[in-house]
2 protein chains.
Amino acid sequence: MTEELHNSIRDVPDFPKKGIIFKDITTLLKDPERFNQSIELMLAALGKRKIDIVASIESRGFIFGSVLAYRLKAGFVPIRKPGKLPAKTVSEKYELEYGTDQIEIHADAIIPGQDVLLVDDLLATGGTALAACKLIERLGGRIQAVMFLIELGFLKGRNLLNNYELISIITYN
Amino acid sequence: MTEELHNSIRDVPDFPKKGIIFKDITTLLKDPERFNQSIELMLAALGKRKIDIVASIESRGFIFGSVLAYRLKAGFVPIRKPGKLPAKTVSEKYELEYGTDQIEIHADAIIPGQDVLLVDDLLATGGTALAACKLIERLGGRIQAVMFLIELGFLKGRNLLNNYELISIITYN
């Protein structure tokens, strides 16, 4: 069933830099059947878990996270790059290949004890997702699952997130 | 009915710079009832228009655009800042208060003749939305409507978009 999804994702060589094959999901998103199928598979994988808040990482994470929040009748919380969220934020640094980066969440985005689903489009090394998990937990959120459409298995990002229930729909090994 | 929506949007003074009162929709998004209500109002305002593609402007536009695409059984097409889309793009410059900015769309995102709904969270001066309309039309898309959750009426962005059917759910005058 996921073969059609696989086939709807485009490989773009040498993006964002030479030697990297980028998994382009825009070809999936513009096909209503494939977009719908990806949402249905995510919901099915989530099963009966109770979710109060879907948190997503900008920008592609928003595309799946907002639809899942809508379908789950949960609230939607954006996790963003520094300086984008207007009110008081909490921020978390994470390692990149060279240097560090940072993401933020509104300090009042989550009520302590709320059940949270973290959603992003793609799991690579897992650094951003781990930082997002820390932000959610610092606000008192209880992470019920961390979900990705795509997992780049060969980058072993899963190891960094082994404290969490990790769900991915499509894995590349 | 939109009064509850109004009340769920937070005013943040002096963001992104001194003297501007920012309309913060994160307080609406984290409330499932208000998020759902905003989507239902958008769908109702759209009426019976046939939509093949929902195009949205990054990042906040994605949050509403993707849910509308899902509900309308349409494809979703992201319009992004330069350098973010991996495949061949078409780009359009637009004026800012000081200088210019640019947005891009994948050159193969729309099939000529497809009916397109453009969605963003907020209409200010209209420069970005007009550039997005031009991109869609350069690919042969037929714009059925341009939709915003919030319209800052006092900035008169509507005038710039008078070639299009413009729908906004909440207007501040």
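Our subject is the structure that appears above.
Conventions adopted
Residues numbered from 1 in each chain as written. Chains lettered and ligands numbered in written order. Predicted model: local features only at pLDDT ≥ 70, side-chain atom pairs only at ≥ 80, totals over all residues. Heavy atoms only, no water. Core = buried A, V, L, I, M, F, W, Y, C linked by side-chain atoms within 4.5 Å. Buried < 20%, exposed > 50% of the residue type's maximum accessible area, 1.4 Å probe, protein only. Contact = heavy atoms within 4.5 Å. Helix = DSSP H or I, 4+ residues; strand = E, 2+ residues; numbered from the N terminus. Expected span 1.5 Å × (residues − 1). Buried area = accessible area lost by both parts, 1.4 Å probe. Salt bridge = Lys/Arg side-chain N within 4 Å of Asp/Glu carboxyl O. Nonpolar A, V, L, I, M, F, W, Y, C, P; charged D, E, K, R; others polar. Least-squares fit on C-alpha atoms with pLDDT ≥ 70 in both. Pairing = 2+ DSSP bridges. Axes fitted to C-alpha atoms, helices over the stretch in contact; angles between N-to-C directions.

Caption draft 1: Inspection of the nonpolar core at higher detail. Ranked by internal contacts, the top residues of the largest apolar core, which has 66 residues, are Phe-35, Phe-64 and Leu-117 of chain A together with Phe-35, Phe-64 and Leu-117 of chain B. If near-sequence neighbours (up to four positions away) are discounted, Phe-64 of chain A is found in contact with Ile-25, Leu-29, Phe-35, Ser-38, Ile-39, Met-42, Val-119, Asp-121 and Leu-149 of chain A.

Caption draft 2: Structural context of helix α5 (residues 127-138) of chain B. In this model, α5 of chain B (12 residues) spans 17 Å end to end at C-alpha, consistent with the 16 Å of a helix rising 1.5 Å per residue. Those residues of α5 of chain B lying buried are Gly-127, Ala-129, Leu-130, Ala-131, Ala-132, Cys-133, Leu-135 and Ile-136 of chain B.

Caption draft 3: Focus on the interface of chain B and chain A. Taken together, the contact pairs 40 residues of chain B with 40 residues of chain A. The largest per-residue losses of area from chain B upon contact with chain A belong to Lys-30, Tyr-70 and Pro-86 of chain B, which jointly make up 23% of the total buried on that side. Scanning the region where chain B abuts chain A turns up 4 salt bridges. The residue Arg-10 of chain B makes a salt bridge to Asp-108 of chain A at a minimum N-O spacing of 2.7 Å. If you tally residues by element for the side of chain B that touches chain A, the top one is helix α4 (residues 60-72) of chain B, at 8 residues. Class assignment for the residues of the side of chain B that touches chain A results in 21 nonpolar, 7 polar and 12 charged.

Caption draft 4: Main features of helix α3 (residues 32-46) of chain A. All names here are of chain A. Taking 1.5 Å as the rise per residue, α3 with 15 residues should run 21 Å; its terminal C-alpha atoms sit 21 Å apart, in good agreement. Along α3, the residues classified as buried are Arg-34, Phe-35, Gln-37, Ser-38, Ile-39, Leu-41, Met-42, Leu-43 and Leu-46. Gly-47 lies just past α3 and shows a positive phi near 60°.

Caption draft 5: Geometry of the relation of the copies chain B and chain A. Laying chain B over chain A is done by rotating through 180° and shifting 0.0 Å along the axis; what remains is an RMSD of 0.0 Å. Overall, the copies show the geometry of a two-fold rotation axis. Take the interface residues of chain B: 100% of them recur as interface residues in chain A, which is what a same-surface contact looks like.

Caption draft 6: Region of interest: the sheet that holds strand β9 (residues 166-172) of chain A. All names here are of chain A. Spatially, the 5 strands line up as an open sheet ordered β4-β3-β7-β8-β9, and their pairing is parallel. The sheet is open, and its two borders are formed by β4 (75-79) and β9, each paired with just one other strand. On average, adjacent strands in this sheet sit at an angle of 15° to one another, irrespective of strand direction. Both strand β8 (residues 142-152) and β9 contribute to a ladder of 6 bridges, which runs parallel. By the bridge assignment, Leu-152 is partnered in β9 with Tyr-172.

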